[in-house]
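Coordinate analysis (summary)
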Amino acid sequence: MNMQARPPMPEMGELNVSNHLLGDPAGLAAAWERDGYWFFRDVLDKAVIADIRRVYIDYLVDMGVADPADPQHRYNGADYSALPINSNLTRLNEQKVHRLLHGAPTINSFFQTLFGCDPFWVPFTVHRTNPPVQDVTRPRFDFIHADGSYNDGLEFLICWVPIGEIDADVGGLAVVEGLHRQPSLHRRDGTRILPIEAADVPAEAWRRTDYRPGDVLLMDLHTPHSGLSNISRDQFRLSMDTRVMPSNGRLPLAGTILSVDAGMVAVADAAGRHVLHIDENSFVRGHRGDRLVPADIPARYNPGDAVIVAHAEGRVVNMRPQH
Ligand SMILES: [Fe+2]
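It should be emphasised that the depicted structure is a prediction, and the values quoted were computed from it without experimental measurement.

Definitions and limits used
Residues numbered from 1 in each chain as written. Predicted model: local features only at pLDDT ≥ 70, side-chain atom pairs only at ≥ 80, totals over all residues. Heavy atoms only, no water. 1 Å grid on protein atoms, 1.4 Å probe; cavity = no way out; pocket = protein on both sides within 12 Å on 5 of 7 lines; lining within 4 Å. Points joined across faces, edges and corners; volume = space filled by probe spheres on them. Helix = DSSP H or I, 4+ residues; strand = E, 2+ residues; numbered from the N terminus. Buried < 20%, exposed > 50% of the residue type's maximum accessible area, 1.4 Å probe, protein only. Polar contact = N/O pair within 3.5 Å; in protein donor to acceptor, adjacent residues only side chain to side chain. Contact = heavy atoms within 4.5 Å. Donors = N, O, S within 2.8 Å, 3.2 Å for Na, K, Ca; no water. Phe/Tyr/Trp six-rings, centres within 6.5 Å; stacked < 30°, edge-to-face > 60°. Lys NZ or Arg CZ within 6 Å of the ring centre and 35° of its normal. Pairing = 2+ DSSP bridges. Axes fitted to C-alpha atoms, helices over the stretch in contact; angles between N-to-C directions. Domains from an automatic or database assignment. Buried area = accessible area lost by both parts, 1.4 Å probe. Salt bridge = Lys/Arg side-chain N within 4 Å of Asp/Glu carboxyl O.

Here the focus is the layout of surface pockets. Reported here for the largest pocket is a volume of approximately 1,600 Å³. Lining the largest pocket are 49 residues, with Asn88, Val126, Arg285, Arg320 and His323 positioned closest to its centre. Of all the secondary structure elements, the ones that give two or more residues to the lining of the largest pocket are helix 3 (91-94), helix 4 (98-102), strand 3 (119-130), strand 4 (157-162), strand 7 (192-193), strand 10 (225-228), strand 11 (237-246) and strand 17 (315-321). In terms of residue count, the dominant contributor to the lining of the largest pocket is strand 3 (four residues).

The next thing to look at is the side chain of His180. One can find His180 in the loop between strand 5 (172-176) and strand 6 (188-189). On the accessibility criterion, His180 (4% relative accessible area) is buried. Side-chain polar atoms of His180 contact the backbone oxygen of Trp32, separated by 3.0 Å. Engagement of the side chain of His180 in a polar contact is seen with the backbone oxygen of Glu33, the distance being 3.3 Å. Each residue touching His180, except ones within four places of it in the same chain, is listed here: Trp32, Glu33, Arg34, Asp35, Gly36, Asp220, His222 and Thr223.

This brings us to the coordination of the iron ion. Those donors, His145 (NE2), Asp147 (OD) and His225 (NE2), are the protein atoms that reach the iron ion, and they lie 2.1 to 2.2 Å from it. Considered as a linear motif, the donors of the iron ion on their single chain read H-x1-D-x77-H. You'll find His145 and Asp147 in the same group, each marked buried.

Here the focus is the packing of aromatic side chains. The geometry of two aromatic rings is summed up by the distance between their centres and the angle between their planes. The final tally for this structure, using the stated rule, is twelve aromatic pairs. Aromatic pair Phe39 and Tyr211: ring centres 5.9 Å apart, planes at 85°, arrangement edge-to-face. Of this pair, Phe39 sits in strand 2 (residues 37-40) while Tyr211 is found in the loop between strand 8 (206-208) and strand 9 (216-219), placing the two residues 172 residues apart along the sequence. Here the two residues Phe39 and Tyr211 agree in accessibility, since each one is buried. Here the aromatic rings of Phe110 and Phe111 are separated by 5.1 Å at their centres, their planes lie at 80°, and the arrangement is edge-to-face. Of the two residues, Phe110 and Phe111, both sit in the buried class. In textbook terms, an aromatic cluster arises when at least three aromatic residues are bridged by ring pairs, as seen for Trp32, Trp38, Phe40, Phe110, Phe111, Phe115 and Trp121. Cation over ring: Arg300 sits above Tyr301, and NZ or CZ is 4.9 Å from the ring centre.

What follows is about the sheet that holds strand 4. The antiparallel open sheet is built from five strands, whose spatial order is 2-9-4-11-3. Of all the strands in the sheet, the pair left with one neighbour each is strand 2 and strand 3. Here the average twist between neighbouring strands, direction ignored, is 20°. Sheet topology places strand 4 next to strand 9; three bridges connect them, and they run antiparallel. Bridged to Cys159 within strand 9 is Leu218. Across the face of the sheet, helix 1 (residues 25-35) comes into contact with strand 2, strand 4 and strand 9 while running at roughly 120° to strand 2. Contacting strand 2, strand 3, strand 4, strand 9 and strand 11, helix 5 (residues 105-115) runs over the sheet at an angle of about 125° to strand 3.

The domain architecture assigned to the protein chain consists of domain 1 (13-246) and domain 2 (253-321). On a C-alpha basis, the centroid separation for the pair domain 1 and domain 2 is 26 Å. Taken residue by residue, the interface counts eleven residues in domain 1 and eleven residues in domain 2. Across the interface of domain 1 and domain 2, roughly 1,000 Å² is buried in total on both sides, 65% from carbon and sulfur atoms. Inspection of the region where domain 1 meets domain 2 yields zero salt bridges.

Next up, the structure:
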């Protein structure tokens, strides 16, 4: 642990573990209703997680912030200003590292057991390789939010996977238990969605745990959560943040834009060509999770862009980039 003054953070209870509910759909549903998440301990194939970890470490070595000779792959103290933090535009995204998880038969078989059908992976993933923060006196919440506020109409589960050991100092994910059926805690400023204020969250509802490879945390779209800053001395916080849903649900399109303007988009996927209207109720996501006004859509989206589109009755409910 870093010996400077520790930043303020509420005391956090432990996540509920749902391993005993696998194979019990009613019990799983009740836990989801109560908590807004499922946490499963040691259920994902650790060989797959180790493969992903190796790719992350190679990336950190190439970025100059870890040394290849260090068997523990610690942060080496080098300047990391060129290392993207909490970005979805990293080399790991370009390399489509998510396929190591989404394509692994053993991982899919866990989700088949959980859902009672095949999983449908929604192609947007954030790879986090966060080094220790420089200012450990800052509040530890990176960004308190509920993804649903930015993804109206997309019905996925958030799937957060630790790619290494993540203890209280390394940070990882903290969730607010049991608030997913409550009105959103996000305040708005016109079309801008503001982060949730820590003061608006009941402090006793925060949960976390010490995460290990093999664990997985699945969250409701409306469950408020935040990354916790990494205040360790020399550990990276390695985690993959992706999206999944049961394949028997209302699936979004995952395809490529053929043409787009302020009022319509044509998207091609494996099933063919889909033409969808865009209207004032469509949530078309901009660069920072904000909602674009229709006139700004052609400047942001172009033919060839890979997108995810939730749709109903011939119109776009939500459109966002794949990554
Ligand atoms: Fe999130």
